[in-house]
Amino acid sequence: MGRYAEIYRRSLEDPEGFWAEQAGKIDWEKRWDRVLDDSNPPFYRWFRGGVLNTCWNAVDRHVERGRGDQPALIYDSAMTGEIRRITYRELQRQVALFAGVLKKYGVEKGDRVIIYMPMVPEAIVAMLACARIGAIHSVVFGGFASSELATRIDDAKPKLVVSASCGLEPGKVVAYKPLLDGAIAMARHRPERCIVLQRPQLRAELDPARDVEWHDAHEGAQPADCVPVQATDPLYILYTSGTTGQPKGIVRDNGGHAVALYWTMKNIYNVNPGEVYWAASDIGWVVGHSYIVYGPLLHGNTTVVYEGKPVGTPDAGAFWRVISQHDVRVLFTAPTAFRAIKREDPNGEYMKKYDLSGFRALFLAGERCDPDTLLWAQEKLGVPVIDHWWQTETGWAICANPLGIETLPVKPGSPSVPMPGYDVRVFDEEGRELPPKALGAIVVRLPLPPGTLPTLWNADERFVQSYLSRYPGWYLTGDAGYRDEDGYLFIMTRIDDVINVAGHRLSTGAMEEVIAAHPDVAECAVIGVADELKGELPLAFVVLKAGVTRDPEEIRRELVQRVRETIGPVAAFRLVAIVKRLPKTRSGKILRGTMKKIADSTPWKMPATIDDPAILDEITEALRELGYAKTPSRVDA
Ligand code: COA
Ligand code: AMP
């Protein structure tokens, strides 16, 4: 048996022994009473009774043990050209001080703080400062619009919001403050205070009754110490798309999270403390939480905080510049970033301009990785390229190729094998396990390992109903796929309405809600269609109300604008097909799956339950006009 197989088997046979051993890598103020509290299924808690502080483990202890002068963060803005190295000692100083600022404004243990910021070091300081005093942060991605932010404000009920005047996107400055003001105006809950970092590119107007500038806020604040918290206390809430417009507040605890993330740094990513690790993502996503902030810092690595894109800032060599300049050993990003690079620089000319000799491995996640992209990266970079699969809910990889344990053979198209604690199976509709190669719902046996979601914020029932009720005793991942004879998983599609646009998780249901609210729209259906660059793009089929005679192009523009303003530019919503009817089953269910197959030219059969098959001809025609459904793919005609 290989080392991986042995470790994996042990983690399933003796989970408590396995994780208790890993927990030894974390500093505890008080050891746990129980490794796994399984007294209240389907709710499970890891390290019940343990007391620790995540910020201490991510920052202070490294200063105490000789890493004070090592850079903790390297901030590299391809947008402004600024590079700032912040040592562990300096990070400790800034975080302790900002924790003091939060306290000065009345933030206490258990209070929520929303962080709506671009990729600047202050955002990470704010996150760690919350962890330091036991406040619960909820970071909201900058590409979301006001109403998405408002929903999160109403759900998390933050005492305080930390924001910035602007974000920098290629060719434009995105004003954050008006979006924040708009969100607060929309929300029922009123945060008491907003701390706003003024960036030199754009100054925000502050409301003296509520807003205070980041530096001004520091006046008179005293550095604050780490506050002991329960292992089971929440560290953060991160909202993610679910099956409705109402996002789910994924809760992350302190103890299990620290233990699991620490384990992944060496065993999956194969980096050693002191080395530079870079996740090219955004702190607004789970990848940013786990692998820009907490994972590398818990492990004593140097983490790169990159403000920029893979292409256009200034060119397709941006990633190679950062890798060589900062001595990055391991890079983690989304396949879409590599598709963008490959499109601009198919021969990898830019790679040749930089010294990449210290670079060891590339990890990809966030969306399905097409084998072409993986093979291209592997060939051009000459290092292992590892696809791994995970979700906001799990916080770390469900399946991966654990390079720090042993390098398993890479199978393009597969994120490899289950990680410790994840007993992954493929089920049919009735909950029977399927044989190799058969496609079904991917589930994981309860309890999930440490670091995964214990529940949804203030919504235990929704947690059970969304994830645990379909197959009692099992966690429903929402992904469908199969495993092969060697136990490698292949993640093929979602079983709900989640789509992945450039590695960003979005709900088509949420877009349908926005589109259906347009006064001219009778009904609509949004599907994700395959896209060469972004993986998927949303496409809306829209049926107009009887008697609407306005210019369809004008309506299309309004719909695009509505989605942009309500959900955000990150939805990349541009494709609208105005049709006379939607294809439905006789019981009135819209046949989204069939429309998607027609659009992507993948094999489809006429659904036996379809109400009127002729509608699909009209759908096909509309798709062709938008450049989809290029090849007829019906297989039962
Ligand atoms: N704040 C404000 N707006 C933002 C934003 C932010 N943090 N991030 C993105 N946006 C906006 C963009 O400006 C763009 O707006 P536009 O419609 O006005 O052009 C829109 O949201 C879509 O952005 P993006 O998804 O970045 O697409 P793009 O076409 O600008 O770039 C890629 C394409 C492939 C280069 C880009 O998607 C990318 O770098 N992906 C990397 C993957 C990644 O980080 N995934 C995260 C999970 S690991
Ligand atoms: P998020 O919660 O935003 O990280 O999105 C999680 C979802 O992205 C998963 O449920 C999958 O649908 C998809 N996903 C993430 N990583 C992969 C991967 N390596 N292969 C296929 N799909 C992935």
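Here the structure is a predicted model, which is why all the values come from computation and not from measurement.

Student: Please give an account of the site of ligand 1 that cites residues and values.
Tutor: In the vicinity of ligand 1 lie 25 residues, with Glu169, Lys172, Lys309, Lys534 and Arg564 positioned nearest. Separating an oxygen atom of ligand 1 from a side-chain N or O atom of Lys309 is a distance of 2.6 Å. With respect to ligand 1, the side chain of Lys534 contributes an N or O atom lying 2.9 Å from an oxygen atom. In isolation ligand 1 has 950 Å² of accessible area, and contact with the protein removes 83% of it. Taken together, the elements giving at least two residues each to the shell around ligand 1 come down to strand 10 (172–175) and helix 12 (335–344).

Student: Can you tell me about the packing of aromatic side chains, naming the residues and giving the values?
Tutor: Under the counting rule described, the total for this entry stands at 36 aromatic pairs. Taken together, a centroid distance of 6.3 Å and an interplanar angle of 45° make the contact between Trp46 and Phe47 tilted. Across this residue pair, the class does not change: Trp46 and Phe47 are buried. Here the aromatic rings of Tyr291 and Trp390 are separated by 5.6 Å at their centres, their planes lie at 85°, and the arrangement is edge-to-face. With a gap of 99 residues between them, Tyr291 in helix 10 (residues 286–298) and Trp390 in the loop between strand 20 (385–387) and strand 21 (399–400) connect regions that are remote in the sequence. Judged by relative accessible area, which is 0%, Tyr291 ranks as buried. Overall, Trp390 belongs to the buried group, its relative accessible area being 9%. Taken together, the ring pairs connect Tyr269, Tyr277, Tyr291, Phe332, Phe363 and Trp390 into an aromatic cluster. Here the basic side chain of Lys411 rests over the ring of Tyr488, its NZ or CZ set 4.5 Å away from the ring centre.

Student: Talk me through the domain arrangement of the protein; I want residue IDs and the actual numbers.
Tutor: According to the domain assignment, the protein consists of domain 1 (3–308 + 388–481) and domain 2 (504–625). Here domain 1 and domain 2 have C-alpha centroids that lie 34 Å from each other. In this complex, domain 1 contributes 17 residues to the contact, which on the side of domain 2 involves 13 residues. Here domain 1 packs against domain 2, burying approximately 1100 Å² in sum over the two surfaces, 48% of which is carbon and sulfur. Viewed at the interface, domain 2 and domain 1 are joined by 1 salt bridge. With a shortest N-O distance of 2.9 Å, Glu393 and Arg505 are connected by a salt bridge. Here the residues of the side of domain 1 that touches domain 2 sort into 4 nonpolar, 10 polar and 3 charged.

Student: Report on the side chain of Asn254, specifying residues and quantitative values.
Tutor: Checked against the element boundaries, Asn254 lands in the loop between strand 15 (248–253) and helix 9 (255–267). In this structure the side chain of Asn254 is engaged in a polar contact, spanning 2.6 Å, whose partner is the side chain of Thr54. Look past the residues within four positions of Asn254 in its chain and what remains in contact with it is Leu52, Thr54, Val229, Gln230, Ala231, Asp233, Pro234 and Leu235.

Student: I'd like to hear about the pairing of strand 10, residue by residue, with values.
Tutor: Bridge count for strand 9 (residues 166–169) against strand 10 is 4 bridges, and the pairing is antiparallel. Bridge pairing links Glu169 to Lys172 in strand 10.

Student: Break down the pattern of salt bridges for me, citing the residues and quoting the values.
Tutor: Side chains that differ in sign of charge can pair as their charged atoms come close. Applying the stated criterion to the full structure yields 53 salt bridges. Of the charged contacts, one joins Arg48 and Asp37 as a salt bridge, the two residues approaching to 2.7 Å between their closest N and O atoms. Note that Arg48 is positioned in strand 2 (residues 43–48) and Asp37 in strand 1 (residues 34–40), a separation of 11 residues in sequence. Overall, the relative accessible area of 32% leaves Arg48 in the partly exposed class. Residue classification places Asp37 among the buried residues on the basis of a relative accessible area of 8%. Ionic contacts of the salt-bridge type, sharing partners, join the residues Arg34, Asp37, Asp38 and Arg48 into one network.

Student: Lay out the site of ligand 2 in plain terms, naming residues and giving numbers.
Tutor: Asp387, Thr392, Asp479, Arg494 and Arg505 are the nearest of the 15 residues found near ligand 2. Here Gln391 contributes a side-chain N or O atom positioned 3.0 Å from an oxygen atom of ligand 2. One of the side-chain nitrogen or oxygen atoms of Thr392 is found 2.5 Å away from an oxygen atom of ligand 2. For ligand 2, the accessible surface in isolation is 490 Å², of which the surrounding protein chains cover 93%. Residues that form the shell around ligand 2 fall into these classes: 4 nonpolar, 5 polar and 6 charged.

About the criteria used
Residues numbered from 1 in each chain as written. Chains lettered and ligands numbered in written order. Predicted model: local features only at pLDDT ≥ 70, side-chain atom pairs only at ≥ 80, totals over all residues. Heavy atoms only, no water. Near = heavy atom within 4 Å. Polar contact = N/O pair within 3.5 Å; in protein donor to acceptor, adjacent residues only side chain to side chain. Areas by Shrake-Rupley, 256 points an atom, 1.4 Å probe, with all protein chains shown as cover. Helix = DSSP H or I, 4+ residues; strand = E, 2+ residues; numbered from the N terminus. Phe/Tyr/Trp six-rings, centres within 6.5 Å; stacked < 30°, edge-to-face > 60°. Buried < 20%, exposed > 50% of the residue type's maximum accessible area, 1.4 Å probe, protein only. Lys NZ or Arg CZ within 6 Å of the ring centre and 35° of its normal. Domains from an automatic or database assignment. Contact = heavy atoms within 4.5 Å. Buried area = accessible area lost by both parts, 1.4 Å probe. Salt bridge = Lys/Arg side-chain N within 4 Å of Asp/Glu carboxyl O. Nonpolar A, V, L, I, M, F, W, Y, C, P; charged D, E, K, R; others polar. Pairing = 2+ DSSP bridges.

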